[in-house]
Amino acid sequence: MSELRVMTLSVGSSGAGIEALGEFVRSCVPDVLLVQAAPQFLRWRSKRAAIARVCGLVVATADRPGGLCVMTALRVDVVDTSFSLLTKESRRLESAISAATVRSGGVMSRVASMQLGADAGERRLQLPALVSALSAGSTVPLVVGGILNEGPGQPVFDEVAERWPCCLAAPATGPALFADRSLSVVSCEAVGGGAGGQPQGVLAVLGLA
């Protein structure tokens with residue numbers, strides 16, 4: 001059985017410099033990094049590339065809105081990518097989904113980074129489009145991570161977890177990671193968030209059928 005190490009992380013929440021961020025991510029040895037709060041304004045492409053470089057990864061997706069992207073290790077093949085903006089009712093930053101189909105150890109899976117709105121009503125409006133975008137056009141197992149701005153017991157979180165069980169959720173404003181039922185969760189843990197200014201993330205090792 002092949003394994004895929006998937007990490008979800010809000011890089012913009014790091015209180016440390018880029019080199020310390022890179023050291024932290026490299027210590028986790030992810031195959032796939034699902035990024036939130038990536039640079040999205042001035043020189044955003046080069047800034048994302050710099051983050052990927054210090055993390056020992058490459059940028060797999062290239063969409064600016066929402067500050068979302070997927071980064072991968074060189075040992076992972078990127079087959080295709082997709083991007084979806086979600087309904088926005090406020091003037092806050094866009095909510096979106098950035099996804100990639102990847103091949104690791106000869107096995108295909110789909111990985112996605114997401115972020116939903118800070119307002120509960122906005123999140124409920126975004127839910128159908130979120131489910132549609134994550135479900136559409138792919139028959140391979142899905143792993144999705146990011147910021148829902150909700151925790152277990154709240155309606156949007158529970159709806160997502162009903163379709164793709166939650167591996168681990170940090171506090172409501174923190175990251176969560178969900179995986180298709182066909183994937184086995186070998187291990188899953190919260191990482192970072194310590195006194196060194198590391199961002200808080202979730203790292204899972206998933207068994208690929």
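Preceding block: the structure.
From a predicted model like this one, the values you see are computed outputs, not experimental measurements.

S.K.: Please clarify how helix H2 (residues 44-54) should be interpreted in this entry.
M.R.: Owing to its 3.6 residues per turn, the α-helix aligns residues three or four sequence positions apart on the same side. The set of residues buried in H2 consists of Trp44, Arg48, Ala50, Ile51, Ala52 and Val54. Check the buried side of H2 and you find it contacts helix H1 (18-28), strand E3 (58-59) and strand E4 (69-72).

S.K.: So what exactly am I meant to see when it comes to the sheet that holds strand E10 (residues 175-179) here?
M.R.: Picture the strands of a sheet paired through backbone hydrogen bonds; they go either parallel or antiparallel. Strand order in the open sheet formed by six strands is E5-E6-E7-E8-E10-E9, with mixed pairing between adjacent strands. Each edge of the open sheet is held by one strand with a lone partner, namely strand E5 (77-85) and strand E9 (166-169). Taking each pair of neighbouring strands and ignoring which way they run, the sheet shows an average axis angle of 15°. Examined bridge by bridge, E5 and strand E6 (residues 96-104) share eight bridges and lie antiparallel to one another.

S.K.: How do you make sense of the pairing of strand E7 (residues 107-115) when you look at a structure like this?
M.R.: On a regular strand, each side chain points to the face opposite its neighbour's, so the side chains alternate between the two faces of the sheet. Among the nine residues of E7, seven are classified as buried, and the element is accordingly described as predominantly covered. Sheet topology places E6 next to E7; nine bridges connect them, and they run antiparallel. In the strand pairing of E7, valine 102 is matched with serine 109. Between E6 and E7, which pair antiparallel and follow one another directly, the connecting turn spans two residues, one of which, glycine 105, has a positive phi of 60°. Pairing of E7 with strand E8 (residues 142-147) involves six bridges; the strand directions are parallel. Looking at the pairing, methionine 114 lines up with glycine 146 of E8.

S.K.: Any chance you could explain the nonpolar core here in plain terms?
M.R.: In globular proteins that are soluble, nonpolar side chains generally tend to be buried together. Counting residues in each nonpolar core, the largest one holds 21 residues, and the members touching the most others are Ile97, Leu130, Leu134 and Phe178. Contributions of two or more residues to this core are made by E6, E7, helix H3 (120-135), E8, helix H4 (155-163) and E10. Per element, the largest residue contribution to this core is five residues, and it comes from H3. Apart from the residues within four sequence positions on either side, isoleucine 97 is in contact with Leu68, Ser82, Phe83, Ser84, Leu86, Ala112, Ser113, Met114, Leu130, Ala133 and Leu134.

Procedures and definitions
- Residues numbered from 1 in each chain as written.
- Predicted model: local features only at pLDDT ≥ 70, side-chain atom pairs only at ≥ 80, totals over all residues.
- Heavy atoms only, no water.
- Buried < 20%, exposed > 50% of the residue type's maximum accessible area, 1.4 Å probe, protein only.
- Helix = DSSP H or I, 4+ residues; strand = E, 2+ residues; numbered from the N terminus.
- Contact = heavy atoms within 4.5 Å.
- Pairing = 2+ DSSP bridges.
- Axes fitted to C-alpha atoms, helices over the stretch in contact; angles between N-to-C directions.
- Core = buried A, V, L, I, M, F, W, Y, C linked by side-chain atoms within 4.5 Å.

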